[in-house]
Amino acid sequence: DGELTLILCSVRKTVELSTTVHGSVLRHSILKGISAQIVSAADKVDAGLPTAVVTTSPIVLGSTVRCLMGNAFFFSPSDLNQALRLCLGSTATGAEYGAVSALSINHDCTRLLCGFAKGHITMWDLANGKLLRTITDAHPPGTAILHVKFTDDPTLAVCNDSGGSVFELAFRRLMGMRTCESRCLFSGSKGEVCNVEPLFTAPDLKDHPITQYSLLAMASLTKILVIGLKPSLKVWMTFPYGKTDPTSVPQLAWQFVPVQKVVNPVLAFCRGDTVHFLLVKKDETGTIHVIKQRQLQLNCDIISLNVSWINSRTLVVMDSGEKLRVVDRPSQEELESLDVAEVQLVYNSSHFKSLATGGNVSQALALVGEKACYQSVCSYAGQMVLLGTKSAHILTLRNWRERVDCLLKQERFVEALSLAWSFHEGTAKAVLGLFGDPAKRKGVVADKMIEILFQYVERSVKKCPEHGKIQVMEQHFQDMVPVMVDYCLQLQRTDLLFNQLYTRLVENCVARGVFLESLEPYIVSERLGCVTAPVMRDLLTHLQDNNMMDSVENCLIHLDITSLDIQQVVQMCWDNQLYDAMIYVFNRGMNDYITPMEVVMGNKLLVYISCSLAGRAYPLGDIPEDLVSQVKNQVFEFLIRLHSAEAGQEEELYPYIRTLVHFHTPEFLNVLALTLEDFKNDKQALEYQQRIVDILLKVMVENSDFTPSQVGSLFTFLARQLAKPDNTLFVNRKLFDQVLEFLCSPDDDSRHTERQQVLLELLQVGGVVQFDEGRLLGLAEKAEFYQICEFLYEQKHLYDKILDCYLRDPLRKEEIFNYIHNLLSMPGYSSEEKHCVWDKALLHIAELVTLDPAKSADLVAMHFPEEVRPIITRLQDDHLVFQFLRCLLDQREGPHPQPLLRLSPDLHELHIGLLCRFTPRQLPDFLKASQDYRLEEAVQITEQYQVHEATSYLLEKKGDSHGAFQVLTNSALSPQRKGVKRGETEREEESPLQRVEGSLGDIIALCHRSSQSLNQEQRGVCVLWFPLLEAMMSPQKLLKGPDTRTTSEVLKELTMKVLNSMSSFIPLPAIIQRILQDPVYGKGKLAEIQGLILGMLETFNYEQTLLETTTSLLNHDLHWSLSHLRAAVSRGLHPRQDHCNICLQQYRRRQDSPDDIIIFSCGHLYHCQCLQRKGSGHAEPRLLQVWSCYKCISSQRGRGGDRVTTETGRGRKYDLRPVNGVGW
């Protein structure tokens, strides 16, 4: 499948047989003779325009004045004379009765019923044109006849008038007088019927049990009814339409259809875009059952105007665009779409509106009649007649040959072949003209397809462009030749393909190449297994000349060997190294399975040997059963040969085994392992296998050319085989000892990991039984094979010693924590074993903490939290203790969640001291997160190490805000003061100022927190803000000279920051008074503090402006909301209908009406009493009646929508949304 896919993706093409082609299904012809009579009658005798048509054997046309009857026709319309035989009625009749509105002919074509626009009905004798009856009282006067139709009984007919009523007409002849009795079947007052269709039975189905009931289908504007007229009137089925387009025309059509080998009538009815099917059948008890079948869904934008059966499987649907759509009912597949707009179809809208009688019809019936064409489209015996304003047209099904020939005339050969193939396979739709048994039908169609293929090949050669690029010519034949090849193979006519077609195509060199290349996918997919010798020779030569050797090989391995020239193929394979094809030719053509192995090497040889020993052919298929044992022995003999056929003096022994092992040792050993499994009971094969194992040991152990992995693979393979209970191999144990010495050599540092891994795999497959464990352990320790040591210790349950293996192994040190955790957590280990492991872990705890403090802390917290203090004692290095405690007290997320440890306060205080020493910046975060230390001891520790920020936090936590303030101000301002005293011109003053600026934020935050707990009076005498302000202002008097300008500006900015912060807690007059009381500013001029005061005033002005703007915006928004609310409440409401949506009665507009009307903003209107009965009102505590829209609530209940409510009396609403209502 993969090869075929790749080939199909190339330039060569294959044909898609799954494409459905139907061709032209309908033959459309104009009845020229009748069309000429229509025009002539209208012009010469003033017969008027045609209005109705009916056909059985003759064709009868009705006009606005009289009836015209054409000749009978049984052949194609071109052979018809179509001469006018009878002219029924006269101009006077037309003036009296109106236009012909309906026609019907009985079964034996002896009687014609004519319905007229003014309500009259006449019966005519078609043999002599004599008027037999004129019926004027069969239905109410003043209504037009829409339908009049005979039933199977020639004495019984039905008519349908524009009032929507249906009447039964019973014809009698008493004492030489012709009479007509009328009976109403359906009254138009209960629903207007606009279409009726009696069930007609073909002569060969006269004995069908359904015929005795005279079934009649009626279509009203809302439903379908199926009734029986005999033996008594009975309604058998009522089927409602559902929601449909009011302009759509109801359609009815009966047809006898074979269903499960039983023929029963099926009613097709449609209104809109869906065709429904009802199966009518009679059971053993005599009961009629009407069963709904699968419906046919048309396109959503289609409204059907007419539905007609062409045969029992095919319908023709005319849509509102005057397009005929041929549909296969079982598959619901559209076969053809034919536009008949040029017919200028006659519509019966004037009769549905009853214009001749004053137009006294309902609006709904008149709306349906706009597109009614019941009387201008009729079908009979597989043909349809369409009546146009000036012409008559007939449509019939084409037979299968015509459909194919239509495509051939258009030179659509591919589609013609596809259609013919569907006839051949019996999958075509609307088939006509194929008779006989399936084999005979296939033979007839196959002959036609061969004829098409000959035409197609002639056209492909003649239509080939003679000039231009070679790619154009190739594309031309690539579009055609694969189609010919495909259908020849489908028809199983390779003789036609390789003789007639190839002989014709070979004349063109491009066509010849495309033909040969198109054979490849069929050969690869094994649809073409045998090719004639000349074509095979040309194929190989062409592919070789175009360097398409992969294609050559693909073809060779799938072809029958008898069709190949062995000498030519073998030489080609040798020259081009086509080893798959060469193996195939030697195996299948010569039964030689050894020669390919002498040439083929690499992975292909391993696969070939594996297939040969397993009885499978390479590259595909199976070896013949009688050769399986012989081939197996030949392969073994080949492998154990001492020398090759052309051996030189320097060749080593066993060259084939040596070469295979060097190429891929594991794969070769896998092949041997498979043979050991397949030939357990074959003694000769087991002897060969023992011989091969001995040779492998001799070649690999005594030779230093092989890597440790290769040697290890051999002994791993041997260990697996020796460990099996049914093992038959024998291996000397000393060889395992030699391999152990080789792998564990301490003097060889190369490939250390590889040698250890090989030895570990050997032990894991059962090789440990081949060694002395004490010696093995000693050699592993010397070679530093710690994984081997772990393997041996684990077997002895010495888990504590495994920890030493992890610690000594530089590649696996990090894994020791997972190992300890798993061993201590998982069941299956004794408490003594776990205790030994933990003791060993405690012994190496310093090493573990150094390796990973976090994982060490996780182990302690998970398994031994009570050992924290001893562990700290063992950790003599303070930095290790700090790392351990930090990880232990820090809550982290990891693979093993650490439980919350509650350590003693002295350990927390120890950690605080270590934090002061190693990472003092992290100390405040720890103090905020932890609550287990003692405040006094913690303050002493932080003061000892002079971590001022932490000391301030602890003092504040104690409640000593003043002490915390003093610590922060002293630590922040002392460097600044010192810098000022040293000299104002030093450039190093910038760094202390930056430190002051950074610390000032913490001091202000402290003052904020302290001031929030004080009342207004306490804030006025606050001991924090004013000392801070004084600390920032006092240094400014020491700054003199131009060199101190930068420092002065920075201090002023910091002072303003303090003033802005304290203004939220201390009144502005108190701040100004304190500034003026300062001796520095009291003795000087006001200009010295002018900047500070102006800055404070500017801040005040900004905040006042911000407050005023915000107030104005809020007022504006409130006014806008209130104005919109008032407008919504006072808005007038317009009801959607003029009646109550519950009782559907119109409300009275008189002022003296006792009924209260409630209208909602959604447009629904109700009577107050109706809403009360439905429970859609309830009283509120405010003595207001709250109403809810009943219709909106009913529709929103399923969606969880909001209630649409209103209040009476005051007209208030709960919501501003448009769906809310107002009571009136």
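Calculation rules
- Residues numbered from 1 in each chain as written.
- Predicted model: local features only at pLDDT ≥ 70, side-chain atom pairs only at ≥ 80, totals over all residues.
- Heavy atoms only, no water.
- Pairing = 2+ DSSP bridges.
- Helix = DSSP H or I, 4+ residues; strand = E, 2+ residues; numbered from the N terminus.
- Salt bridge = Lys/Arg side-chain N within 4 Å of Asp/Glu carboxyl O.
- Buried < 20%, exposed > 50% of the residue type's maximum accessible area, 1.4 Å probe, protein only.
- Axes fitted to C-alpha atoms, helices over the stretch in contact; angles between N-to-C directions.
- pLDDT = per-residue confidence, 0-100.
- Contact = heavy atoms within 4.5 Å.
- Phe/Tyr/Trp six-rings, centres within 6.5 Å; stacked < 30°, edge-to-face > 60°.
- Lys NZ or Arg CZ within 6 Å of the ring centre and 35° of its normal.
- Parallel < 35°, antiparallel > 145°, perpendicular 65-115°, else oblique.
- Expected span 1.5 Å × (residues − 1).
- Core = buried A, V, L, I, M, F, W, Y, C linked by side-chain atoms within 4.5 Å.
- Left-handed = near helix turned anticlockwise from the far one by under 90°.
- Nonpolar A, V, L, I, M, F, W, Y, C, P; charged D, E, K, R; others polar.
- Patch = residues over 30% accessible without salt bridge, like charges linked within 9 Å, V, L, I, M, F, W, Y side chains within 5 Å.
- Areas by Shrake-Rupley, 256 points an atom, 1.4 Å probe, with all protein chains shown as cover.

**So, the pairing of strand β27 (residues 377-380)**
Pairing of β27 with strand β28 (residues 383-387) involves four bridges; the strand directions are antiparallel. Bridge pairing in β28 places Ser-379 opposite Met-384. Turn length for the β27-β28 hairpin, with the two strands adjacent in sequence and antiparallel, is two residues, and the turn residue Ala-381 shows positive phi of about 55°.

**Observations regarding the pattern of salt bridges**
Taken as a whole and assessed by the stated rule, the structure comprises 28 salt bridges. When the shortest N-O distance is used, the salt bridge between Glu-197 and Lys-149 registers 2.6 Å. Separated by 48 residues along the polypeptide, Glu-197 in strand β14 (residues 193-198) and Lys-149 in strand β10 (residues 145-150) bring together distant segments of the chain. Here Glu-197 matches Lys-149 in class, with each residue buried. A salt bridge links Glu-411 to Arg-459, with the nearest nitrogen and oxygen atoms 3.3 Å apart.

**Thoughts on the sheet that holds strand β11 (residues 156-161)**
Adjacent strands of a sheet pair through backbone hydrogen bonds, lying either parallel or antiparallel. Strand order in the open sheet formed by four strands is β10-β11-β12-β13, and the pairing between neighbours is antiparallel. Lying at the two open borders of the sheet, with one neighbouring strand each, are β10 and β13 (177-186). Taken over all neighbouring pairs, the strand axes of this sheet differ in orientation by 25° on average, direction set aside. By the bridge criterion, nine bridges tie strand β12 (residues 166-174) to β13 in an arrangement that is antiparallel.

**Let's talk about the confidence of the model for the protein chain**
The predicted coordinates of low-pLDDT regions are not to be read in fine detail. With 83% of its residues at a pLDDT of 70 or more, the protein chain shows a mean pLDDT of 79. Looking across the protein chain, the model is least confident in helix α1 (residues 2-8), with a mean pLDDT of 36, and most confident in β11, with 94. Contacts for the low-pLDDT stretch residues 975-990, under 50 throughout, to residues beyond four places or in other chains number 19 contacts.

**Here's the deal with the sheet that holds strand β23 (residues 304-309)**
Strand order across the open sheet formed by four strands is β23-β24-β25-β26, with antiparallel pairing between neighbours. The sheet is open, and its two edges are formed by β23 and β26 (333-339), each paired on a single side. Taken pair by pair, the neighbouring strands of this sheet meet at an average axis angle of 20°, ignoring direction. One ladder, built from five bridges, connects β23 with strand β24 (residues 314-319); its direction is antiparallel. By the bridge assignment for β24, Ser-308 is matched with Val-316.

**Points about the packing of aromatic side chains**
In this structure the tally under the stated criterion is 17 aromatic pairs. Ring centres of Phe-239 and Phe-269 lie 5.2 Å apart, and the angle between their planes is 65°; this geometry places the pair in the edge-to-face category. With Phe-239 in strand β17 (residues 234-240) and Phe-269 in strand β19 (residues 262-270), this pair connects stretches of sequence that are 30 residues apart. Accessibility expressed as a relative area gives 1% for Phe-269, which makes it buried. The ring of Tyr-347 carries the charged tip of Lys-371 above its face, separated from the ring centre by 5.6 Å. Over the aromatic face of Tyr-806 sits the side chain of Arg-812, whose NZ or CZ is 4.5 Å from the ring centroid.

**A word on the packing of helix α28 (residues 786-795) against helix α29 (residues 799-808)**
Orientation of α28 relative to α29, taken along the N-to-C sense of each, is 170°, at an axis distance of 9 Å. One element, α28, and the other, α29, form an angle in the roughly antiparallel class. Residue-level inspection shows Tyr-786, Cys-789, Glu-790, Tyr-793 and Glu-794 of α28 in contact with α29, the latter providing Tyr-799, Lys-801, Ile-802, Cys-805, Tyr-806 and Arg-808.

**Observations concerning helix α9 (residues 470-478)**
The set of residues buried in α9 consists of Met-473, His-476, Phe-477 and Gln-478. Tucked inside the fold, the buried residues of α9 contact α8 (438-462), α10 (481-490) and α12 (509-518).

**A short note on α8**
Owing to its 3.6 residues per turn, the α-helix aligns residues three or four sequence positions apart on the same side. Helix length check: α8 (25 residues) gives 36 Å between terminal C-alpha atoms against 36 Å at 1.5 Å per residue, within 8%. The complete set of buried residues in α8 reads Val-445, Ala-446, Lys-448, Met-449, Ile-450, Ile-452, Leu-453, Tyr-456, Val-457, Ser-460 and Val-461. Looking at the buried positions of α8, the neighbouring elements they touch are α6 (400-409), α7 (413-425), α9, α10 and α11 (494-505).

**Quick look at the environment of Val-693**
Along the chain, Val-693 turns up in helix α23 (residues 683-701). When its relative accessible area of 3% is taken as the criterion, Val-693 is described as buried. Every residue in contact with Val-693, bar those within four places of it in the chain, is listed here: Phe-717, Leu-718, Leu-729 and Val-731.

**What to know about the environment of Ile-1071**
Along the chain, Ile-1071 turns up in helix α45 (residues 1068-1077). The class for Ile-1071 is buried, based on a relative accessible area of 0%.

**Description of the nonpolar core**
By size, the foremost hydrophobic cluster in this structure holds 227 residues, and its most contacted members are Phe-515, Leu-519, Phe-715, Leu-759 and Phe-884. Apart from residues no more than four positions distant in its own chain, Phe-515 is found in contact with Val-481, Val-485, Leu-497, Phe-498, Tyr-502 and Leu-505. Counting residues in each nonpolar core, the second largest holds 29 residues, with Cys-194, Leu-335, Phe-352 and Met-384 among its members.

**Quick word on unusual backbone geometry**
Geometrically, the link from Lys-230 to Pro-231 is a cis peptide bond, its omega value of -10° lying close to zero. Relative to the helices and strands, Pro-231 resides in the loop between β16 (223-228) and β17. In this structure, Gln-332 takes a positive phi of about 55° despite not being glycine. Inspection of the secondary structure assignment puts Gln-332 in the loop between β25 (323-328) and β26. On the accessibility criterion, Gln-332 (27% relative accessible area) is partly exposed. Here Glu-411, not a glycine, exhibits a phi torsion of approximately 60°, which is positive.

**Examining the packing of α29 against helix α30 (residues 816-825)**
Viewed as axis vectors pointing N to C, α29 and α30 meet at an angle of 165°, and their least axial separation amounts to 10 Å. One way to sum up the angle between α29 and α30 is to call them roughly antiparallel. Handedness of the crossing formed by α29 with α30: right-handed. Here Tyr-799, Ile-802, Leu-803, Tyr-806 and Leu-807 of α29 lie close against α30, whose contacting residues are Ile-816, Tyr-819, Ile-820 and Leu-823. In terms of residue class, the contact of α29 with α30 is made up of nine nonpolar, no polar and no charged.

**Digging into a nonpolar patch on the surface**
Taken together, Leu-1118, Leu-1122, Leu-1125 and Val-1129 make up a surface patch of nonpolar side chains, about 330 Å² in accessible area. For Leu-1125, the position within the fold is in helix α47 (residues 1087-1130).

**A word on the pairing of strand β15 (residues 215-220)**
Here β15 lies mainly inside the structure; six of its six residues are buried. Strand direction decides the pairing type here: β15 and β16, joined by five bridges, are antiparallel. Looking at the pairing, Ala-219 lines up with Ile-224 of β16. Counting the residues that bridge the hairpin from β15 to β16 gives two residues.

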